[in-house]
Every structure is written in structure tokens, then in C-alpha cells.
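The chain contents come next:
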Amino acid sequence: MHLGLGAFARAHTAVFTEEAMLATGDLGWGITGVTQRSDTVARQLAPQDCLFTVAERGARAAPPRVVASITEAISGRDDPNAVVERIAAATTTVVTLTITEKGYRFDPRTGGLDLSDDLVRADVAGTPPLTAVGQLARGLQRRAENGAGPVTVVSCDNLPHNGGLTRRLVLDFAASLPAQEAAALTEWITANTAFPSTMVDRMVPATTGSDLDGVERVLGLRDEAAVVAEPFRQWIIEDNFAGPRPRWEDAGAVFTQDVAPWEAAKLRLLNASHSLLAYLGMAAGYETISDAVADDAFRAACRGLMLEDVLPVIELPRELDGGAYCAGVLDRFANPALGHTTAKVGSDGSQKIGLRLLTTVKDNLDAGREPRWAALAVAAWMRHFASTPPGELNDPLAAELHAALPGTRTADAVVPALLGLRSVFDEALAANPTFEKLLLHWYSALDSTGLDALRKEITNG
Ligand code: CS2
């Protein structure tokens, strides 16, 4: 099973699974993919027997390939009961997830399930579940009733400790059920499931019409479900499974006891500088990440963020050379053939900022250092937020955050107002004078001093 059948899942998880089957000859695997909020991908895949093309873009791109590891695509929105049934089937031994940060519906203040969320409440009350956590919990409950045996839930989203987080959210859901049900489900989950953490990496932009035309020219067929991706792909998986799984290691995945240092490197170096580029890029009118990273000053800011703010405060995996990793990240951002838009990477900022940047801000402040570049990224997000009409913002908190904004959009009005949002900044961080000073400085630089002065300041270090 795969929950969240977007472009990323097709270009990553489905490819690893197919390669594992090809490498081992064990063709017994197949993925039932579930779309979450929209049924588009399920509708695109169904009439083409769930076959789809992965077209790599950039230097050393492999020729397009047709991937066959998805065997069924269903719309979770339209048929939630089918999702529950499939999770509960004895033939399902692994459920992978790419549902994006907001799909987890957790409360960043507690790290637990957001029980004030309307959809979560409806799922707990017993309507056919529409949230991923509700589908998982109800599927596991049915599995227990069916005696369908152990299952592993594998989160593949850019969240720290994604396995432990997913487990906690499912257990929070279970605990909200009536007492007897709650006890039975909690006990079953404890005895029959594993929730390994994973780090996934592949840049996968949204597919455009011209991507589909390009694939059609090579393939000779119209593939409505084709995806484009960079050649690079990586999957680090905690070796903690409750039952059978595809031999993903034969497809290049790495199994390890401790994913945390890999997650930290990916999220706090790559994803954090991706966000920095997205917001600086949008401020300067760049449409793509490759255009933004070609701006010398913006590239220098990314380097500053990674080398000065992040590397000194994280613990890298032994196998990873920090400097080489950062250089590799900048090279990948520069891929001109990918067309990864700043708008896409900049979407859902309220969900990403905390995970990607604020831990780095705190770690530096705790060590008595100024997190200059991480603060620049947060200020650039604030500016993007305050200068874009709520209707044009792609962010689940757009309305809430806009309601908190003052009429005047100057740095000294906007920065304190957004720092007051407890769904993004905790109290201690919001009250930190060094952080606020940095935000005020960078916000004004972006807003009133102008981009050329900002570029000069960045370049001068
Ligand atoms: C990006 C990620 O959209 C975003 O927020 O930072 O999707 C990024 O491309 C992937 O995590 C790369 O593995």
C-alpha cells in the first residue's frame, strides 16, 4: 500500500520497488496507491493499467522508463472504505506514506495528533476515514479483527523522526476512541507493527503539459501520468520491519540502525536551503530554483546557511562528508532541465519552516551564535507571506496567518505579529531578542533597502 500517490511516490518509492523486483526476480510485489485530497492521479493511472513513465532530466539522465510496480490506484477521498480494506488485507505487509508535512495533521506545539482538526475528529467519531492517520488506524483495527498479521508503516516524508512521529499519531488516534476499543487497538499496534524512520531524497517537480508532450515524443504514446525527476535518488531506511518487504537494498536503498543523522543532514542542509532559495527567488522574480541558485548572492546565502549555521550544530552520518554533501546539493539545485519552481518549493511554508530551519536557529542561539542565514530564510518566508494575498498563497495556514497580520506591512509591524503565531514559533524563540533583531534586519533589507543592497550584504559575508 502507498498512501499519497503524488509525483514523488511514482518517481521514488515505485521505482525502488520495481528495481527490487527486477534485481531479485521476486515479482510477487505490487503497490496499491491511494490518492489523498484529489483523485486526479488515480483517474490518470486507471485507464493505462497503472503504468507510467519516469523521465529523468539533467546531466547523466537515463532514458525514460515505464514503471509497472503500481497495480491499483484508488481515490482515498471517494472510497475510504477500500483503503481500510486494503490496509487490513493479509497480503499487505508494508504501507508506505508520502502525504506531505500537512498530511500528518499534528500539532507542532505538542508533536501529537491535532484533535481540534475537523477531519481528524470525524475520523475518530467513526465516519469513513479521510485523513491518512485515520485510514491507518482504522485499517490496523480491521487488521486486528481479521487476524491479518503484522504490518510495517514506512513514512517517507521530510519530517524529523518520521517513523516515531507516525506511530505516535496513530497511537493518539487509538487513544481517542472509546475506552475498550482504544485499549484493544493500542495493544495490537504495540505487538504487531513497526514504524521505521526513513530519509528519502529525489527532486521531483510538478509535471507540466510540456513534460507530457516531451514524453509523448519519445514514447510514441500519450502518458497522462508521466513524471519527471532528477537522476539522483536516495533512500535510507531504519532496519525495523514487522514482516516481509521488497528487497529495496538490491535497488540501492541503504538499511541502517540509525536514520536520525541522515534525516538531519537532508532536512536541515538540503530542504532548508531549498526553502531559502525559494523565498529569495520569489522576491527576485525567479521562477525556478535553478535560476535562483544561479544568482551569486543567493548561492552564497545557501552556502552560508549550510556551512556556517547548520554544519557546526548537526551530527553527520559517519559516511558523509559535509562539504561534499553541500556542494552536491548546490549542483543538484542548479540542474537547468528540471524546472523545479520556487512557488512549489515555497508552498506550505508554515508547515516547513519549523522543521527545516527553526531547530537550527535554536541550536545556534543555545551555543551563543547568531543564526544569520537561517534567520534570512525565515525573514524571506515572512516577507513572502505578508506580501502575497491569502488567496494566492498555497499554505494550509494562509487564512489564519493573514488574520494575524497588521495593516502596515513594515518590518517592525509584521515580524512581531508573525512571531506571535504559536503554530509556527514557540514562546521562547519568539521572545529571543537576537532572533527578532536578525529577522527585523533581513525583513527590512528585503522589503525596503532593496535586493541589490541585500545581495551586497550577503556577498560581503
Ligand atoms: C522541496 C522537497 O518542495 C519542497 O519543499 O524542498 O520536495 C525536495 O525537493 C525533496 O525533499 C528532495 O528530496
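Residues numbered from 1 in each chain as written. Predicted model: local features only at pLDDT ≥ 70, side-chain atom pairs only at ≥ 80, totals over all residues. Heavy atoms only, no water.

Trainee: Outline the overall build of the protein chain, listing residues and values.
Mentor: Of regular secondary structure, the protein chain possesses 22 helices and 12 strands. In terms of C-alpha radius of gyration, the protein chain reaches 22 Å, essentially the compact-globule figure of 23 Å for 461 residues. In terms of its C-alpha atoms, the protein chain occupies a principal-axis envelope of roughly 65 × 55 × 45 Å. Classification of the 461 residues of the protein chain by burial places 55% in the buried group. Partitioning the intrachain contacts of the protein chain with sequence separation of at least 6 by distance along the chain shows that 76% fall at a separation of at least 24. Summed over all atoms, the accessible surface of the protein chain reaches about 18200 Å², with 51% contributed by carbon and sulfur. Here the protein chain contributes 41 positively and 58 negatively charged side chains, and the mean placements of these two sets differ by 2 Å. (Helix = DSSP H or I, 4+ residues; strand = E, 2+ residues; numbered from the N terminus. Rg over C-alpha atoms; globule rule 2.2 N^0.38 Å. Buried < 20%, exposed > 50% of the residue type's maximum accessible area, 1.4 Å probe, protein only. Contact = heavy atoms within 4.5 Å. Areas by Shrake-Rupley, 256 points an atom, 1.4 Å probe, with all protein chains shown as cover. Lys, Arg positive; Asp, Glu negative; His and termini not counted. Charge placed at Lys NZ, Arg CZ, Asp CG, Glu CD.)

Trainee: Please give an account of the sheet that holds strand β8 (residues 193–194) that cites residues and values.
Mentor: Pairing is parallel across the open sheet formed by six strands, whose spatial order is β5-β2-β1-β6-β7-β8. Looking along the sheet, the strands with just one partner apiece sit at the ends: β5 (70–75) and β8. The pairing of strand β2 (residues 31–35) with β5 spans five bridges and is parallel. Following the sheet pairing, Gly33 is matched in β5 by Ala73. The sheet strands contacting helix α4 (residues 80–88) are β1 (2–3), β2, β5 and β6 (94–97), and the helix crosses β5 at an angle near 145°. (Pairing = 2+ DSSP bridges. Axes fitted to C-alpha atoms, helices over the stretch in contact; angles between N-to-C directions.)

Trainee: Could you give an account of the nonpolar core, naming the residues involved and the relevant values?
Mentor: If you look at the biggest cluster of nonpolar residues, it comprises 74 residues, and the most contacted ones within it are Leu376, Phe425 and Phe435. Of the residues forming this core, the biggest block, 12 residues, is contributed by helix α17 (residues 372–387). Each of two domains, domain 1 (2–256) and domain 2 (260–460), supplies a minimum of three residues to this core. Apart from residues lying up to four places away in sequence, Leu376 is in contact with Leu276, Leu280, Ala301, Trp442, Leu446, Leu454 and Ile458. Listed in part, the 37 residues of the second largest apolar core include Met1, Leu3, Val95 and Leu159. (Core = buried A, V, L, I, M, F, W, Y, C linked by side-chain atoms within 4.5 Å. Domains from an automatic or database assignment.)

Trainee: Tell me what's going on with the side chain of Arg143, and back it up with residues and numbers.
Mentor: One can find Arg143 in helix α7 (residues 132–146). Of the side chains bearing the opposite charge, Glu85 lies closest to the buried Arg143, which forms no salt bridge; the N-O distance is 10 Å. Each residue touching Arg143, except ones within four places of it in the same chain, is listed here: Ile87, Ala88, Ala89, Ala90, Thr92, Ala148, Gly149, Pro150, Val151 and Trp188. (Salt bridge = Lys/Arg side-chain N within 4 Å of Asp/Glu carboxyl O.)

Trainee: So what about empty space enclosed by the protein? Which residues, and what values?
Mentor: Across all of its chains, the model carries three cavities of 30 Å³ or more by this definition. One number sums up the size of the largest cavity: a volume of about 70 Å³. Lining the largest cavity are Asp157, Asn158, Leu159, Pro160, Asn162, Thr198, Met199, Val200, Glu263, Lys266 and Leu267. Grouping the amino acids of the lining of the largest cavity by side-chain chemistry returns five nonpolar, three polar and three charged. (1 Å grid on protein atoms, 1.4 Å probe; cavity = no way out; pocket = protein on both sides within 12 Å on 5 of 7 lines; lining within 4 Å. Points joined across faces, edges and corners; volume = space filled by probe spheres on them. Nonpolar A, V, L, I, M, F, W, Y, C, P; charged D, E, K, R; others polar.)

Trainee: Summarise helix α16 (residues 349–366); cite the residues concerned and give the values.
Mentor: Here α16 is 18 residues long and its end C-alpha atoms lie 24 Å apart, about the 26 Å a rise of 1.5 Å per residue gives. Along α16, the sharpest change in direction is near 40° and occurs at Leu357. Gly349, Ser350, Lys352, Ile353, Leu355, Arg356, Leu357, Leu358, Thr360, Val361, Asn364 and Leu365 are the residues of α16 that are buried. Once α16 finishes, Gly368 follows within two positions and takes phi at roughly 80°, a positive value. (Expected span 1.5 Å × (residues − 1). Bend = angle between axes of the 7 residues up to and from the residue.)

Trainee: Break down the packing of aromatic side chains for me, citing the residues and quoting the values.
Mentor: In total, this model carries nine aromatic pairs according to the counting rule given. Ring centres of Phe16 and Trp235 lie 5.4 Å apart, and the angle between their planes is 65°; on these two criteria the pair is classed as edge-to-face. Within this pair, whereas Phe16 is found in helix α2 (residues 13–24), its partner Trp235 is found in strand β11 (residues 234–238), the two being separated by 219 residues in sequence. Judged by relative accessible area, which is 1%, Phe16 ranks as buried. When its relative accessible area of 0% is taken as the criterion, Trp235 is described as buried. Taken together, a centroid distance of 6.4 Å and an interplanar angle of 50° make the contact between Trp381 and Phe425 tilted. (Phe/Tyr/Trp six-rings, centres within 6.5 Å; stacked < 30°, edge-to-face > 60°.)

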